[in-house]
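Breakdown of the fold
This is what each chain is made of:
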Amino acid sequence: MTDRTTALFRVGAAVMRGAPKPVVSAVTSAVAKRVPRLLGERTAVARRHQQRARTEEMDEAAMEDALGSVFATYGRYFSDTARLAGLPAVDVDKGFSYEGFEYIEDGVAAGNGTILVLPHLGGWEWAGSWLTKVPGYEVTVVVEALENDGVREFMHGWRESIGMQVLTLGPKVPGQITAALKANHIVCLMSDRNIGDGGVEVTFFGETTELPGGAATLALRTGAAIVPLAVYHRGDHSHAVVHRPIPVERQGRLREDVHRITQLIANEMETLIRLAPEQWIVLQPNWPSDYSE
């Protein structure tokens, strides 16, 4: 039996697929302005993250605008992804632009698999669908194991319907990712938040926390390239900014190399997030001080 939360997800996705895009955009924007006042704890966390991602202090008016943009981004991410399932490749391509794509092409040409490391920012699902539908790459994504079984199954099927192969975080995932890389898949790893075991201590936005060490470990073991990128909402488009691959080489003990490379990934996440911090939609505590606060 479908629980109420799963039913809401299904109904919401159906409405967003069926309604005209301008209507969905207007409703999403209107709701986003009110959401920060309703989600006290999540809004408090988002507020801390917004200030972290900026080098200057924000006054209250600027913060309110930023928080509205954060929740509007979340709404657009959901609505855009809902529309993706039924879109042909030509329409996915029209809604997408990029710079630095040659770094992904080089990774695929090398034949050892390519690991894309991304922040939770903008419209990353659109980029994943584009990679499968336009250049025709095999794309594997690793997702969080949500507590609600119905929502997890719904999201799993949703992502597969837009062309991606989905792995749920768990004990079998390292072996499954290794197999995907050996088959020269592109593997997408969200890398601005640690959601499982095996976190590596890094400095991220000036404060110590843990980020996932999986990308570094897998790259060192398989020879896969690590390519940082983020996907931004720009007008009606999703726009990917792809950076040069992170150097992956053994220099000492495995643990030391994993720490060094993970810190480089953290640095890239900072740079990419700072290009549009108002589109960064991590709403969970991400630093030890978030919990104490």
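Let me sum up the structure you'll find in this document. (Residues numbered from 1 in each chain as written. Predicted model: local features only at pLDDT ≥ 70, side-chain atom pairs only at ≥ 80, totals over all residues. Heavy atoms only, no water.)

As a further point, take the sheet that holds strand E8 (residues 225-234). One open sheet holds the 7 strands; their spatial order is E1-E9-E8-E2-E5-E3-E4, and the pairing between them is mixed. Pairing within the sheet leaves two strands with one partner each, and these edge strands are strand E1 (96-99) and strand E4 (165-168). Shown here is a sheet whose adjacent strand axes are inclined to one another by a mean of 25 degrees, direction ignored. Judged from the 6 bridges that link them, E8 and strand E9 (residues 237-242) form a sheet pairing that is antiparallel. When the bridges of E9 are listed, Leu 229 appears paired with Val 242. Relative to strand E2 (residues 114-118), helix H6 (residues 102-110) is tilted by about 150 degrees, and along the sheet it contacts E2, strand E5 (186-190), E8 and E9. (Pairing = 2+ DSSP bridges. Helix = DSSP H or I, 4+ residues; strand = E, 2+ residues; numbered from the N terminus. Axes fitted to C-alpha atoms, helices over the stretch in contact; angles between N-to-C directions. Contact = heavy atoms within 4.5 Å.)

Our next topic: the packing of helix H10 (residues 214-222) against helix H11 (residues 254-274). How two helices sit against one another is set out by the angle between their axes and by the gap between those axes. In the contact formed by H10 and H11, the axes pass within 8 Å of each other and the chain directions differ by 125 degrees. With respect to each other, H10 and H11 are oriented oblique. Read as a crossing pair, H10 and H11 show a hand that is right-handed. Facing H10, whose interface residues are Ala 215, Ala 216, Thr 217, Leu 220 and Arg 221, H11 presents Leu 254, Asp 257, Val 258, Ile 261, Thr 262 and Ile 265. For the contact of H10 with H11, the per-class residue count stands at 7 nonpolar, 2 polar and 2 charged. (Parallel < 35°, antiparallel > 145°, perpendicular 65-115°, else oblique. Left-handed = near helix turned anticlockwise from the far one by under 90°. Nonpolar A, V, L, I, M, F, W, Y, C, P; charged D, E, K, R; others polar.)

Of all the residues in H6, the buried ones are Tyr 103, Ile 104, Gly 107 and Val 108. Down the axis, H6 shows its buried residues gathered within 140 degrees of arc, on one side only. The exposed set on the far side of H6, more than 90 degrees from its buried face, consists of Ala 109 and Ala 110. If you follow the buried residues of H6, they end up packed against E2, E5, E8 and E9. Immediately downstream of H6, the backbone of Gly 111 shows phi near 85 degrees, a positive value. (Buried < 20%, exposed > 50% of the residue type's maximum accessible area, 1.4 Å probe, protein only. Arc of directions from axis to C-beta.)

Right, let's get into the nonpolar core. Grouped together as the largest cluster of nonpolar side chains are 40 residues, with contacts concentrated most on Ile 104, Leu 116, Leu 131, Tyr 137, Val 139 and Ile 186. Secondary-structure elements contributing two or more residues to this core are helix H4 (60-84), H6, E2, helix H7 (124-133), strand E3 (139-143), E5, E8 and E9. The element that contributes the greatest number of residues to this core is H4, accounting for 7 residues. In this structure, Phe 205, Ala 216, Leu 220 and Trp 287 belong to the second largest nonpolar core, which totals 39 residues. (Core = buried A, V, L, I, M, F, W, Y, C linked by side-chain atoms within 4.5 Å.)

Let us now look at the environment of Asp 290. Tracing the sequence through the fold places Asp 290 in helix H12 (residues 288-292). Taking relative accessible area as the criterion, Asp 290 reaches 8% and is therefore assigned buried. A polar atom in the side chain of Asp 290 sits 2.7 Å from the side chain of Arg 48. (Polar contact = N/O pair within 3.5 Å; in protein donor to acceptor, adjacent residues only side chain to side chain.)

This next bit is on the side chain of Arg 54. The topology assignment puts Arg 54 in the loop between helix H3 (40-52) and H4. Classification of Arg 54 as buried rests on a relative accessible area of 16%.

Glancing now at helix H9 (residues 173-182). An α-helix turns once every 3.6 residues. As a result, residues three or four positions apart point the same way. Of all the residues in H9, the buried ones are Val 173, Ile 177, Ala 180 and Leu 181. Mapping the buried residues of H9 onto a view down its axis gives an arc of 100 degrees, with all of them on the same face. Where H9 is buried, its residues contact E2, E3, E4, E5 and H10. Backbone geometry just after H9 places Asn 184 at a positive phi near 65 degrees.

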